[in-house]
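# Observations on the three-dimensional arrangement
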Amino acid sequence: HRKYVAFKPVAKTDRRWPDKVIEKAPTWCAVDLRDGNQALVKPMTVAQKQRMFDLLVKLGFKEIEIGFPAASQPDFDFCRKLIEENRIPEDVKIQVLTQARPELIERTYEALAGARKAIVHVYNSTSTVQREQVFGLDRDGIREIAVSGAKVVRDMAARHPETEWTFQYSPESFTGTELDFAAEVIDAVSDVWRPDQGQPMIINLPATVEMATPNVFADQIEWICDNIKRREHISISVHTHNDRGCAVAAAELAVMAGADRVEGTLMGNGERTGNMDLVTMAMNLYSQGIDPTLDLSGMAAISEVVEACTEISTHPRHPYAGELVFTAFSGSHQDAIRKCLARRKEGEAWNVAYLPIDPFDVGRRYEEVVRINSQSGKGGVAYVLERDYNISLPRWLQIEFSKVVQREAETNGGEIDSLTIHRLFEDRYLKV
Ligand code: KIV
Ligand code: ZN
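Residues numbered from 1 in each chain as written. Chains lettered and ligands numbered in written order. Predicted model: local features only at pLDDT ≥ 70, side-chain atom pairs only at ≥ 80, totals over all residues. Heavy atoms only, no water.

### A look at the coordination of the zinc ion (ligand 2)
Heads up, the rule is: Note on donors: an N, O or S atom is included if it sits within 2.8 Å of the metal, or within 3.2 Å for Na, K and Ca, and water is never included, so sites can look incomplete. Secondary structure elements follow DSSP: runs of H or I of four or more residues count as helices, runs of E of two or more count as strands, with numbering from the N terminus. Three exposure classes are used, based on accessible area relative to the maximum for each residue type with a 1.4 Å probe and protein chains only: buried under 20%, partly exposed in between, and exposed over 50%.
Surrounding the zinc ion (ligand 2) are the protein donor atoms D35 (OD), H239 (NE2) and H241 (NE2), which sit 2.0 to 2.1 Å from the metal. Here the donor residues of the zinc ion (ligand 2) share one chain and are spaced in sequence as D-x203-H-x1-H. Of the two residues, D35 is situated in helix α1 (residues 32-38) and H239 in strand β7 (residues 234-240); the sequence distance between them amounts to 204 residues. We classify D35 as buried; its relative accessible area is 2%. For H239, a relative accessible area of 5% translates into the label buried.

### Observations regarding the packing of helix α7 (residues 179-193) against helix α8 (residues 214-227)
To keep it simple, the criterion reads: Only the stretch in contact is used when a helix axis is fitted, and all axes are lines through C-alpha atoms; the angle between N-to-C directions ranges over 0 to 180 degrees. Oblique is the label for any angle not covered by the other classes, which are roughly parallel (under 35 degrees), roughly antiparallel (over 145) and roughly perpendicular (65 to 115). Note: crossing handedness is left-handed where the near helix turns anticlockwise from the far helix by less than a right angle, and right-handed where it turns clockwise. Any pair of residues with heavy atoms lying within 4.5 Å of one another is described as a contacting pair. Gly is put with the polar residues, along with every residue not named as nonpolar or charged; the nonpolar set is Ala, Val, Leu, Ile, Met, Phe, Trp, Tyr, Cys and Pro, and the charged set is Asp, Glu, Lys and Arg.
Interhelical geometry of α7 versus α8 gives an angle of 45° and a closest axis separation of 10 Å. In terms of axis orientation, α7 runs oblique to α8. The chirality of how α7 crosses α8 is right-handed. Here L179, D180, A182, A183, I186 and D187 of α7 lie close against α8, whose contacting residues are Q220, W223, I224 and N227. Class assignment for the residues of the contact of α7 with α8 results in six nonpolar, two polar and two charged.

### Some points on the state of the cysteines
Put simply, the rule is: Cysteine sulfur atoms are paired as a disulfide whenever they come within 2.5 Å of each other.
Under the defined criterion, the tally for this structure stands at zero disulfides. The thiol of C79 is not disulfide-bonded; the next cysteine sulfur, from C29, is found 14 Å away. Note on C79: relative accessible area 0%, which makes it buried. Distance from the sulfur of C309, which forms no disulfide, to the nearest cysteine sulfur (C29) is 17 Å. Since its relative accessible area comes to 2%, C309 is described here as buried.

### Things to note about the pattern of salt bridges
The line we're drawing: Salt bridges, as used here, are contacts in which a Lys or Arg side-chain nitrogen is within 4 Å of a carboxyl oxygen on Asp or Glu.
This structure, assessed with the given rule, holds 33 salt bridges. The residue K49 makes a salt bridge to D75 at a minimum N-O spacing of 2.9 Å. Residue K49 is located in helix α2 (residues 46-59), and its partner D75 is located in helix α3 (residues 73-84); the two are separated by 26 residues in the primary sequence. Residue classification places K49 among the buried residues on the basis of a relative accessible area of 3%. The partner of R387 in a salt bridge is D388, and the shortest N-O contact between them spans 2.7 Å. Salt bridges sharing common partners tie together D191, R194, D196, K229 and R230.

### Some points on the packing of aromatic side chains
As a reminder of what qualifies: Here a Phe, Tyr or Trp ring, Trp counted by its six-membered ring, pairs with any other such ring whose centre lies within 6.5 Å, and the pair is stacked when the planes are under 30 degrees apart, edge-to-face when over 60, and tilted otherwise. As a reminder, the over-ring test applies to NZ of lysine and CZ of arginine, requiring each to be within 6 Å of the ring centre and within 35 degrees of the ring normal.
In the structure shown here, the tally under the stated rule is six aromatic pairs. Consider the rings of F401 and F425, whose centres lie 5.2 Å apart with planes at 80°: the pair is edge-to-face. Placement of the pair is F401 in helix α14 (residues 395-412) and F425 in helix α15 (residues 418-430), with a sequence separation of 24 residues. Of the two residues examined, F401 and F425, each falls in the buried class. On the numbers, 5.1 Å between centres and 45° between planes, the contact of F425 with Y429 is tilted. Remark: Y429 and F425 occur in helix α15; sequence separation between them is four residues, near one turn of the helix. Its relative accessible area of 25% is what places Y429 among the partly exposed residues. By the ring-pair criterion, three or more aromatic residues cluster together here, those being F401, F425 and Y429. The ring of F76 carries R107 above its face, with NZ or CZ at 3.7 Å from the centroid.

Here it is in structure tokens:
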């Protein structure tokens, strides 16, 4: 993907932290079937869940959270279906969420019986507001919930050695938790799971509610990375929500601050304002020349499946995926893009004004999306006649005819399709 060196990075000398860049894609975990699903007006049907799961596998996700089986019978049944019908590729780990309560953890292991590889994701709330107002517990009480849950997870896993287990712990509401307390709980859990003795362990740090600017979140992640025991044996994951509209930025900065793994959903579906959008973050990496390790080349089909499963339509301005994101109506933009494209040589780095990436890389072509309204200029109108009718106009005629089209567009108030442009041209210049 090295064609994207075109967006010249800001010179190192102009940067405050020149070594803070993302050098490789994090490990991704898609939580569409859990966090995404739990926020839907109408939860996904079994068929929709299966379609979403198959899409995530096809795109290249190796870790997929499929539900909260101990809390939901449909999630339990879906988990059993995936395992019993052998629908999970060998290199994919399914992940399931559970609260740190013994009876729920036991039920979770029932749901996972026979899985080849699985991530058991245990959480409890650790923030001051949850401690004081929801649970009425002090720090010791909250830490004890995490530790006793961790012990049940460890003991249940030992009884099922046929599965390759990864343990994941989330101090839920991490963004509202004092850092020293978060580290204390994380250390207490890792004292039980002992990742230094070979047990794969993930610590997932959620911005359950996005409460601060992305740099503050990144500072929190960096602090945890520097202050927990056994850091080198633990994968640090982030799970950001979008309450302030910055979930992608927060996850990107968190990776720069040391996170190894990112959880999110396609198009950002999820609780309230949503989860971190995997499509945007992966494509942001791609646009900087980093292999996102996901195949997002068929964006229209991806969007179609997400829409069908979530029953939420993709916004036309959704980064990289929306219908309008590679469209220019304005004459000067159309003109600049056409000139850049005409000069571009095969294999050259991408360097086209107004287009952050080559639309072709997500399965679209700029040519398809040149559209005309009253704001378009001669270049766009001439382009449409040439593309669709093989009519090429001299410059003086481009200027004259674009005024005709513009007048028509002003009268009709909207977009002028290619057929109408041709009819106007015929009426004016071809009819005798
Ligand atoms: O947002 C959140 O805190 C969660 C946890 C369960 C990880 O979804
Ligand atoms: Zn969440």
